[in-house]
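A structural walkthrough
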Amino acid sequence: MRNAHQRGALCAHGELRNCLYQRQFRARRRHTTLVPPRGGAALPRRRWELSMSIDYEHKNVARAKILRKNATPQERKLWYCFLASYRPRFQRQKPIDCFIADFYCSEAKLIIEIDGSQHFSEEGAQRDLFRTEKLEKHGLQVVRFSNLQIDTEFQNVCAYIDIVVKEMLQPK
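First things first, this report covers the structure right here in the doc. Only a predicted model underlies this, so the values are computations on that prediction, with no experimental measurement involved.

Moving on to the packing of aromatic side chains. With the rule as written, the count across this model stands at five aromatic pairs. Taken together, a centroid distance of 6.0 Å and an interplanar angle of 55° make the contact between Y86 and F90 tilted. Take Y86: its relative accessible area is 11%, and that puts it in the buried class. Measuring from centroid to centroid gives 6.0 Å for F145 and Y160, while their planes differ by 85°, and the two rings are edge-to-face. With F145 in strand 8 (residues 141-146) and Y160 in helix 8 (residues 154-169), this residue pair connects regions lying 15 residues apart in the sequence. Assessed through its relative accessible area of 6%, F145 is described here as buried.

Here helix 5 (residues 73-81) crosses helix 8 at 60°, and the two axes come no closer than 12 Å. Looking at the two axes, helix 5 sits oblique to helix 8. Classified by chirality, the crossing of helix 8 by helix 5 is right-handed. Of the residues in helix 8, those in contact with K77, L78 and C81 of helix 5 are F154, V157, C158 and I161. Of the residues belonging to the contact of helix 5 with helix 8, the class tally is six nonpolar, no polar and one charged.

Another aspect to go through is the pattern of salt bridges. Under the criterion given, the structure shown has five salt bridges. In this structure, E113 engages R131 in a salt bridge whose closest nitrogen and oxygen atoms are separated by 2.9 Å. In this pair, E113 is assigned in strand 7 (residues 110-115) and R131 in helix 6 (residues 122-136), connecting sequence segments 18 residues apart. Each of the two residues, E113 as well as R131, counts as buried. The shortest N-O distance in the salt bridge between D162 and K166 comes to 3.1 Å. A residue pair is termed a helical-turn pair when its members lie 3 or 4 positions apart in one helix, as D162 and K166 do in helix 8 at four residues. One connected set of salt bridges, linked through shared partners, spans D115, D128 and R144.

About the criteria used
- Within each chain, residues carry numbers counting from 1 in the order of the written sequence.
- Only residues with pLDDT of at least 70 get local features here, since the model is predicted, and only at 80 or more are side-chain atom pairs given and counted; chain-wide, interface and lining totals rely on the full set of residues.
- With hydrogens and water set aside, each side-chain value is computed from the structure's full complement of heavy atoms.
- The pairing test for Phe, Tyr and Trp rings, Trp by its six-membered ring, is centres within 6.5 Å, and the orientation test on the planes gives stacked under 30 degrees, edge-to-face over 60, and tilted for anything in between.
- Relative accessibility thresholds used throughout: buried, under 20% of the residue-type maximum; exposed, over 50%; partly exposed, between the two (1.4 Å probe, protein chains only).
- Only DSSP runs of H or I reaching four residues or more are called helices, and only runs of E reaching two or more are called strands; each is numbered from the N terminus.
- What counts as an axis is a line fitted to C-alpha atoms, over the stretch in contact for a helix, and the angles between N-to-C directions run from 0 to 180 degrees.
- With respect to orientation, any angle under 35 degrees is reported as roughly parallel, any angle over 145 as roughly antiparallel, any angle of 65 to 115 as roughly perpendicular, and every other angle as oblique.
- Crossings are assigned a handedness: left-handed for a near helix turned anticlockwise from the far helix by less than a right angle, right-handed for a clockwise turn.
- Here, residues are in contact when the closest pair of their heavy atoms is within 4.5 Å.
- Note on residue classes: Ala, Val, Leu, Ile, Met, Phe, Trp, Tyr, Cys and Pro are nonpolar, Asp, Glu, Lys and Arg are charged, and everything else, Gly too, is polar.
- Each reported salt bridge corresponds to a side-chain nitrogen of Lys or Arg within 4 Å of a carboxyl oxygen of Asp or Glu.

Printed below as a string of structure tokens:
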């Protein structure tokens, strides 16, 4: 026989609620933050409502998961040695519009791209220019580094990313 809590229990207001509903409600409350709007009191907002939402092609989600699993050594180095613990938060292989960004920070509206040798051909440079222009139309800044820069100048790359993020977060 199931106990009263499993069948349903009285909540604080005396209403009969099932256990699943209470767990879902508590989970939603944990992900709620107070965000003060301009010139007003703080209003509760859910965490997923706070991030900037940019349209993307859903077919790129599966491709992004594959790219995360098969990251280049330079992407892994930048992620695990710097960006994974960096605040504000970065995401790896983020679908944005019809592209997949190597690293994306929604708070700073910043995309970091790591370019391999294919990006230095004439055709690759044109594709990168087109991609950058299209992403900048969304209000994003794109910063590019070569694999060689990640391998040889890692501390300078990290310092530059830190400077750019702080600039982007400063009120204008």
